[in-house]
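# Structural overview
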Amino acid sequence: MPLTPTGFGPSRSRRRGRGRRGLLAAGLVLVLVAVGGGLTYWLKERSDARAADRAVVSVAASYLEAWQALTIAPSAAEESDTAAGGTGAAASGTGATGTAAAGTGAAAAGTGGGDAAAGQARARAGAAVSAVSVDGDVPVATLVGLMSDVHDRLSVTRAEFVAGKAERSGASATVPYTATLTLAGFTEPLTYSGSLGLTRAGGDAWKVRAAPSSVHPELKPGLRLDRTDSTGRRGALLDVNGRPMDTNPELAGNLIGRIDPASGLQRVYDSRLRPQGGSVVVRTDGNETVKTLKAYPSSDGEAIRTTINLDVQRAAEAALGTAAQPNGALVAIDTRTGGVLAVANRPTNGYGRAVRGSYPPGSTFKIVTATAALMNGRTADTPLDCTEKVSIGGREFQNAEAEQFGMIPFRTAFAKSCNTAFIRLEQSLPDGALEQAAKLYGFDGVEPLPIASVGGSFPTPRDDVEAAAASIGQGRVAASPLQMASVAAAVASGTWHQPFVVGESPRSNALPAQALGPLRDFMRAVVTEGTAAGVPMPGEVGGKTGTAEYGNGNPPPTHGWFVGYRGDIAVATVIEDGGFGAESAAPVVSRFFTALDGGQVSAPPAAG
């Protein structure tokens, strides 16, 4: 080995230093790898924890949202607006003597539709709760039933649930919440705090454990929430003069309704009528109260004044009782406001034809057709051809009893109720003119009252034949006696008001000024020289007769109509299977006004 200048050989310590540095570097790499692996593991753990926290929050939010929907979902009893017995015979025809389409029963929103809607709403909300729940202290189905029970027993009208901060530990979690329930008849909401218990349900899924305590912290299996009654008295539904109406069987059955299960106006205004106050309690399945959660001071329910006038109601019932046919209805309306004064059905307290029946209005709809013509430049003197028959689109329409008057003024055609003249008149109008006029009178399918009720329907005619039928109140046009009374009231006052029984009319339409004078003259002419001239009417009555075909037959069977007004009272009467309105319905209206004047009306005709 060569020597260095100093005479020594090269140092071996430097080689050893380089080896130590290599070892240190390798160790550092190993440390960094270990730290990196730990950091990765820590980051993954943290990410998983955050994902679990988010899942817990999301499930809790879905659960509270579904619980809220279930807590306010109405019961079948709340949705149902039960109608008493019977079905009407509302059918549609194509012309005065044309072939009538098979009719349907008088339209009624009875118990079936309401029950189904309520059941569907609860089923959807219950399914949503079940989807994010798992059996716990009780089965999920029991939990869902308990939530519905809270709505029914406490009369919940509004519910709000606000989640707090979630706490999670391993495979379990808790989410606190604050509940605010608004209860009918109580001045303040019921507010309380509770907690949801969640558990990991496989994989990354979380679900709420079903437990009564999650509905209210005081609940456990075998306990339920309930309310005690107020010591106050239930408010009364009064007539326009402040007189109780519940003693009138007709009004009680078809308008006022029942308290339990609630129906009719008793249901609609239950929150105002029911006595206020009481308490929210915890009870056993044996109905033993174990704790009072909140007490509310008691007070009487509100007395609600309606538009019904018992004097007018009695006159309506007395007059309708003289009808020659067993089934019919009469509605009276205040022309100034649209407030319903009376609703009478025959048989008394039978099916509510007055507000739920749906019939072809027949020639009473000529009021609407006349309005359309007057809005489009026609006058009382416009000549119209009243032939015995007219053919439209291959369909033949005919006047009743083959009447024909030749060329006559518009006014006379209305008074004599000439079908062929009105069909020709409608065919001469611009497209959509009749539909526009129908909408002015509320023929748009809207339920007029807050209880199950029928207004007027005017489907857009699909061709000239349908338009011709519609012009004389046949085809697919349909209306209730309530609706046709509002039509007569509109002519009298100059404004169509949607009928109402409490408060004020929700909407109104002013009729064109150029139509009002002629329409009033036309309707007066019906009584003085037209189809109703043979029926003595007390006072200055304006009106319109109607004979409406329905069902099948040659000729088809017909309902009889009369709509009219005198002073501030408008009236509509339909007599099922009554034939000509001048013979069946107009005499009933005459007796109605006679009874209003304090006169006696003739007894019902003898059977047979």
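Data block above holds the structure.
Attention in this report is confined to the structure presented alongside it.

Rules used throughout
Residues numbered from 1 in each chain as written. Predicted model: local features only at pLDDT ≥ 70, side-chain atom pairs only at ≥ 80, totals over all residues. Heavy atoms only, no water. Disulfide = S-S within 2.5 Å. Helix = DSSP H or I, 4+ residues; strand = E, 2+ residues; numbered from the N terminus. Buried < 20%, exposed > 50% of the residue type's maximum accessible area, 1.4 Å probe, protein only. 1 Å grid on protein atoms, 1.4 Å probe; cavity = no way out; pocket = protein on both sides within 12 Å on 5 of 7 lines; lining within 4 Å. Points joined across faces, edges and corners; volume = space filled by probe spheres on them. Nonpolar A, V, L, I, M, F, W, Y, C, P; charged D, E, K, R; others polar. Contact = heavy atoms within 4.5 Å.

### Re the state of the cysteines
Per the counting criterion, the structure on display carries one disulfide. Covalent S-S linkage joins Cys 386 and Cys 418, the inter-sulfur distance amounting to 2.0 Å. Judged by the sign of its S-S torsion, about 105 degrees, the bond between Cys 386 and Cys 418 is right-handed. Taken together, the residues Cys 386 in strand S14 (residues 383–386) and Cys 418 in the loop between helix H12 (410–416) and helix H13 (419–427) connect sequence positions 32 residues apart. Neither residue differs from the other here; Cys 386 and Cys 418 are each classed as buried.

### Quick notes on helix H11 (residues 366–375)
Count 3.6 residues to each turn of an α-helix, and residues three or four apart come out pointing the same way. Counted residue by residue, H11 has nine buried out of ten residues, so it is predominantly covered. Within H11 the residues assigned to the buried category are Lys 366, Ile 367, Val 368, Thr 369, Ala 370, Thr 371, Ala 372, Ala 373 and Leu 374. Backbone geometry just downstream of H11 places Gly 377 in the positive-phi region, at approximately 90 degrees.

### Concerning the layout of surface pockets
Taken as a whole, the second largest pocket spans an internal volume of roughly 690 Å³. Taken together, 30 residues form the lining of the second largest pocket, with Asn 399, Ala 400, Glu 401, Thr 547 and Phe 580 sitting closest to its centre. Looking at the lining of the second largest pocket, the elements with two or more residues in it are strand S22 (542–549) and helix H18 (581–584). By residue number, the principal contributor to the lining of the second largest pocket is S22, which donates five residues. Here the residues of the lining of the second largest pocket sort into eight nonpolar, 16 polar and six charged.

### Points about the environment of Ala 479
Positionally, Ala 479 belongs in strand S19 (residues 478–479). It is 7.1 Å that separates the C-alpha atoms of Ala 479 and Val 454, two residues lying 25 residues apart in sequence. When residues no more than four places from it in sequence are discounted, the contact partners of Ala 479 are Gly 357, Ser 358, Tyr 359, Pro 361, Phe 443, Gly 455, Gly 456, Met 484 and Trp 561.

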